Amino acid sequence: MSKKSEDIFNFTATSDDCIKCGKCIPVCTIHQVNPDETTSPRGFIELLGAYQQGHLELDKNAKDIFESCFLCTNCVDVCPNSLATDMVIEEVRADIADKFGIAWLKRIAFYLLEHRKVMDIVMKFGFMFKTCAFKTDENKGGLLARFRMPMVKKGRLIPSLSKVSFLNSYPEEIPAAIQTEKNQRVALFIGCLANYNYVGIGDSLVEILKELNIDIFIPKAQLCCGAPAYFTGAVDSVERMTKANIEYFESFMDECDAMLIPEATCSAMIKHDWQVFFANHDMPEWEARAKKVTEKIHMATAWLDDNTSLQQILKDKGKKFDEAVTYHDPCHARKVQGIYEQPRNLLAPNYPMVEMSDPNRCCGFGGVTMQTEKFHFAEAAGKPKAAMIKETKAHYVSAECSACRVQLSEAMNNADVETVFKNPLELIAEALKG
């Protein structure tokens, strides 16, 4: 049954505020790879207004259009009216999920993200049997598919699997080596990819905090931030995960100076999208609780650069590497949170830095749907980024985002680019050694 207009999110307000100036067109990631007015920010907004007014049926064609947005927020960045195109796309995807359902593979994935112990078992089996379907490529830091599988083409590079997850590798409390009355206490929110695939990120963050003589708290009951489900329209999953996390964070946040997140997407989801979600779904109490609990939450490099002496320690170490680093700015770091200087500040003392031609251009990850049914768009968006990285001749490309790591690693794999992806925390931890 079709929704009544009064039950549909107020897309018309955004549509009416769009002045159709077209400033969003040149920067739109999907329009760059699929130059059609319907798949542009102002096209999305116009169609959403028509949908609410009853002039557009939410059929498979409309579904295809609204699932083509990368949610990169480039349009929001340049819009003279600061229209939240990404937010209205996220809301219509909830209507799409309600009408068409969610693919079974995605439902399984979201279930696992909600149930950490089940996910641990599944990932352990995945590690044990990964060579049956994949071959390990140590140089590229991932697994290459031996044959075509559901939503994964042959030869595609995907993240490797770790034998033990980050959360299961450490005790909950890691006291600083030297105890004083002034010791800071920091909690870690690790993110799913860093927990199961790129565990070196968490390992590196622990080593950095040890160097800074900071007490570390690793909350073991943390769940996924909810971003994959949110960008797909799985509202029920988002609500359950966000509420569970908020209640859990409230139980320990007063005893912590900060909670650090080494992932741009997780950080943006928790610090920004949680409040937007609760506001849009008329849950003011939870919106207020989300706002309160996130006051101490920070992206890792931003907090480390702004609140510790890490930059000076790295300079004093004086360790110089010959391998150059080029930095890619994740959309959820620079555009959503304004974070781009701090990771560069922490890398520059020890590594030669070379900027690519457009570090702010979206890599093209785009979420679960873009990485599955619409992977051809992700591939197209990744090609120019791989070319930019290759032009720098840098040994490393770095970004504080494992979603970008998945996308750029595959883009470089397709383009035969030999540059290696490293999270900035991994490079910083290496500079602190010896």
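Refer to the preceding data block for the structure.
Peer 1: What's the story with the sheet that holds strand S10 (residues 396–398) in this structure? I'm lost.
Peer 2: Whenever strands of a sheet pair, they do so through backbone hydrogen bonds, lying parallel or antiparallel. An order of S9-S10-S11 is seen for the three strands of this open sheet, with the pairing classed as parallel. If you trace the sheet from one side to the other, it starts and ends with strand S9 (325–327) and strand S11 (420–422), each paired once. Adjacent strand axes in the sheet meet at a mean angle of 30°, parallel and antiparallel pairs treated alike. In this sheet, S11 lies alongside S10 in parallel orientation, the contact comprising three bridges. Counted as the bridge partner of tyrosine 396 is valine 420 from S11.

Peer 1: Looking at this structure, how should I read the pairing of strand S2 (residues 142–145)?
Peer 2: Consecutive residues of a regular strand have side chains that alternate between opposite faces of the sheet. As judged from the four bridges shared by strand S1 (residues 134–137) and S2, these two strands associate in the antiparallel manner. Counted as the bridge partner of lysine 135 is leucine 144 from S2. Hairpin remark: S1 followed by S2, antiparallel, with four residues in the connecting loop; positive phi at glycine 141, about 70°.

Peer 1: How do you make sense of the environment of isoleucine 216 when you look at a structure like this?
Peer 2: Relative to the helices and strands, isoleucine 216 resides in strand S6 (residues 215–217). Sequence-distant contacts of isoleucine 216, that is, excluding residues within four places in its chain, are made with Glu172, Glu173, Ile174, Val186, Leu188, Val206, Leu209 and Lys210.

Peer 1: Help me understand the sheet that holds S6, please; the structure alone is not making it clear to me.
Peer 2: Sheet architecture is open: five strands sit in the order S4-S6-S5-S7-S8, paired in mixed fashion. Pairing within the sheet leaves two strands with one partner each, and these edge strands are strand S4 (173–174) and strand S8 (297–299). Note that S4 and S6 share two bridges and pair antiparallel. Paired with glutamate 173 across the two strands is phenylalanine 217, which belongs to S6. Seen against the sheet, helix H10 (residues 200–211) touches S4, strand S5 (185–188), S6 and strand S7 (258–261) and runs at an angle of roughly 180° to S5.

Peer 1: Is there a simple way to think about the packing of helix H19 (residues 375–392) against helix H20 (residues 402–414) in this case?
Peer 2: The relative placement of two packed helices comes down to the angle between their axes together with the axis-to-axis distance. Where H19 meets H20, the closest approach of the two axes is 8 Å, and the angle between their N-to-C directions is 75°. Relative to H20, the element H19 is oriented roughly perpendicular. Residues Phe375, Ala378, Glu379, Gly382, Lys385, Ala386 and Ile389 of H19 pack against Gln407, Leu408, Glu410, Ala411, Met412 and Asn414 of H20. Counted by class, the contact of H19 with H20 contains seven nonpolar, three polar and three charged residues.

Peer 1: When you look at the packing of aromatic side chains in this model, what are you seeing that I'm missing?
Peer 2: Aromatic rings considered in pairs are described by the distance between their centres and by the relative angle of their planes. For the structure on display, the rule yields 14 aromatic pairs. Seen in terms of ring centroids, phenylalanine 11 and tyrosine 51 are 6.0 Å apart; in terms of plane orientation they differ by 40°. Their pairing is tilted. Taken together, the residues phenylalanine 11 in helix H1 (residues 11–17) and tyrosine 51 in helix H3 (residues 41–52) connect sequence positions 40 residues apart. When its relative accessible area of 1% is taken as the criterion, phenylalanine 11 is described as buried. Here phenylalanine 321 and tyrosine 351 contribute two aromatic rings whose centre-to-centre distance is 4.5 Å and whose plane-to-plane angle is 5°, an arrangement assigned as stacked. Note that phenylalanine 321 is positioned in the loop between helix H16 (310–317) and S9 and tyrosine 351 in the loop between helix H18 (341–347) and H19, a separation of 30 residues in sequence.

Thresholds, definitions, all that
Residues numbered from 1 in each chain as written. Predicted model: local features only at pLDDT ≥ 70, side-chain atom pairs only at ≥ 80, totals over all residues. Heavy atoms only, no water. Pairing = 2+ DSSP bridges. Helix = DSSP H or I, 4+ residues; strand = E, 2+ residues; numbered from the N terminus. Axes fitted to C-alpha atoms, helices over the stretch in contact; angles between N-to-C directions. Contact = heavy atoms within 4.5 Å. Parallel < 35°, antiparallel > 145°, perpendicular 65-115°, else oblique. Nonpolar A, V, L, I, M, F, W, Y, C, P; charged D, E, K, R; others polar. Phe/Tyr/Trp six-rings, centres within 6.5 Å; stacked < 30°, edge-to-face > 60°. Buried < 20%, exposed > 50% of the residue type's maximum accessible area, 1.4 Å probe, protein only.

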